[in-house]
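Next come the chains, spelled out residue by residue.
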Amino acid sequence: MTAPAPVGHSYGPYGSAPDSFRILFVCTGSICRSPIAERLARLGLERRLAADDAVRLSVESAGTWGHEGAPMEPHAAEVLLEYGADPGDFHGRELLDEHVAEADLVLTATLDHRAHVVSMGHASGLRTFTLKEFTRLVAVLERAPYPERDLVQRGRSLVRAAAALRGRLAAPDPEWDEVADPYGAPLSVFRATASDIGSALDPVLTALTGHPAHTP
């Protein structure tokens, strides 16, 4: 997890540091879906950006009923290893006000999670989406020329553009915008969940960075 900013650090328009862009993934228990998204996102950023740039995009996760301090679900850790991502040093977190206030972009597993985040306030409605919802919006935005710019400014501009487009681009069915909960299911279901998350993440990370993934 990202270390807290030092005392006296100045923050940008959403509470995050002005030289960083903070992404927060949210699910229910903070041990399955959001950890998978967090670690796949970190891997995707490492494969797109030089180390000095990658650290400017911070990725964290939490749960609306998060198991504070709990380890990642073993099947979740196993599928991350299969992707080449690092499941180590993970501790579940309960979603708190400061997590929402400091995030530039909140990506949730379901519509209920999105509603929970928005209900917490902090002007979060314009920067909170389900992961798959944001992927749909980004796909439309990426059809038009998108200017290259500073990573942080690029990310914040993308979030604003997606929020403006959201009301005009509804999903064919609400379930299209959700990632199902694999908790308690066999490894094969966790693999399907990780594939679902990874497929949704790939275009989002490309849009945020301006670079496709570079696989080893």
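**Quick word on the packing of helix H1 (residues 33-46) against helix H3 (residues 74-83)**
Helix-helix packing: each pair is described by the crossing angle between the helix axes and the interaxial distance.
1) Next: Between H1 and H3, the least distance of the axes is 10 Å, while the angle of their chain directions is 15°. As judged from the angle between their axes, H1 and H3 are roughly parallel. The way H1 lies across H3 gives a crossing that is right-handed. Touching Pro-35, Ile-36, Arg-39, Leu-40 and Leu-43 of H1 are Ala-76, Val-79, Leu-80 and Tyr-83, all from H3.
2) Next: Residue classes in the contact of H1 with H3 are distributed as 8 nonpolar, no polar and 1 charged.

**Here we look at the packing of H1 against helix H8 (residues 187-209)**
1) Next: Across the interface, H1 lies against H8 with an axial gap of 9 Å and an inter-helix angle of 45°. With respect to each other, H1 and H8 are oriented oblique. Regarding H1 and H8, the two cross each other, and that crossing is right-handed. Taking contact as the criterion, the partners of Arg-33, Ile-36, Ala-37, Leu-40, Ala-41, Gly-44 and Leu-45 in H1 are, on H8, Phe-190, Thr-193, Ala-194, Ile-197, Gly-198, Leu-201, Leu-205 and Thr-209.
2) Next: Each residue belonging to the contact of H1 with H8 can be placed in one class, and the counts come to 10 nonpolar, 4 polar and 1 charged.

**Overview of the pairing of strand E3 (residues 105-108)**
1) Next: Alternating positions in E3 separate into two faces, Leu-105 and Leu-107 on one and Val-106 and Thr-108 on the other, with burial throughout.
2) Next: Here strand E1 (residues 21-27) runs beside E3; their pairing, made up of 4 bridges, is parallel. Bridge pairing links Leu-24 to Val-106 in E3.
3) Next: Relative to strand E4 (residues 128-130), E3 runs parallel, the two being bridged by 3 bridges. Of the residues in E4, the one forming a bridge with Leu-107 is Phe-129.
4) Next: Between the parallel pair E3 and E4, the chain is carried across by helix H5 (residues 111-119), and the sense of this crossover is right-handed.

**Focus on the sheet that holds E3**
1) Next: Ordered in space as E2-E1-E3-E4, the 4 strands form an open sheet in which the pairing is parallel. Two strands in the sheet have a free side with no partner beyond their single neighbour: strand E2 (57-63) and E4. Between one strand and the next, the sheet's axes are offset by a mean angle of 25°, whatever the strand orientation.
2) Next: Where H5 meets the sheet, its contacts fall on E1, E3 and E4, and the angle it forms with E4 comes to roughly 170°.

**As for the state of the cysteines**
1) Next: Within this structure, the stated rule accounts for 0 disulfides.
2) Next: A disulfide-free cysteine, Cys-27 has its sulfur positioned 6.8 Å from the sulfur of Cys-32, the nearest such atom.
3) Next: A residue is classified by how much of its surface remains accessible, and Cys-27, at 2% relative accessible area, is buried.
4) Next: According to the relative accessible area criterion, Cys-32 is buried, its value standing at 4%.

**Focus on the environment of Arg-168**
1) Next: Considering the arrangement of structural elements, one finds Arg-168 in the loop between helix H7 (151-166) and H8.
2) Next: Since its relative accessible area comes to 65%, Arg-168 is described here as exposed.

Definitions and cut-offs
Residues numbered from 1 in each chain as written. Predicted model: local features only at pLDDT ≥ 70, side-chain atom pairs only at ≥ 80, totals over all residues. Heavy atoms only, no water. Axes fitted to C-alpha atoms, helices over the stretch in contact; angles between N-to-C directions. Helix = DSSP H or I, 4+ residues; strand = E, 2+ residues; numbered from the N terminus. Parallel < 35°, antiparallel > 145°, perpendicular 65-115°, else oblique. Left-handed = near helix turned anticlockwise from the far one by under 90°. Contact = heavy atoms within 4.5 Å. Nonpolar A, V, L, I, M, F, W, Y, C, P; charged D, E, K, R; others polar. Buried < 20%, exposed > 50% of the residue type's maximum accessible area, 1.4 Å probe, protein only. Pairing = 2+ DSSP bridges. Right-handed = clockwise from strand over helix to strand, strands pointing away. Disulfide = S-S within 2.5 Å.

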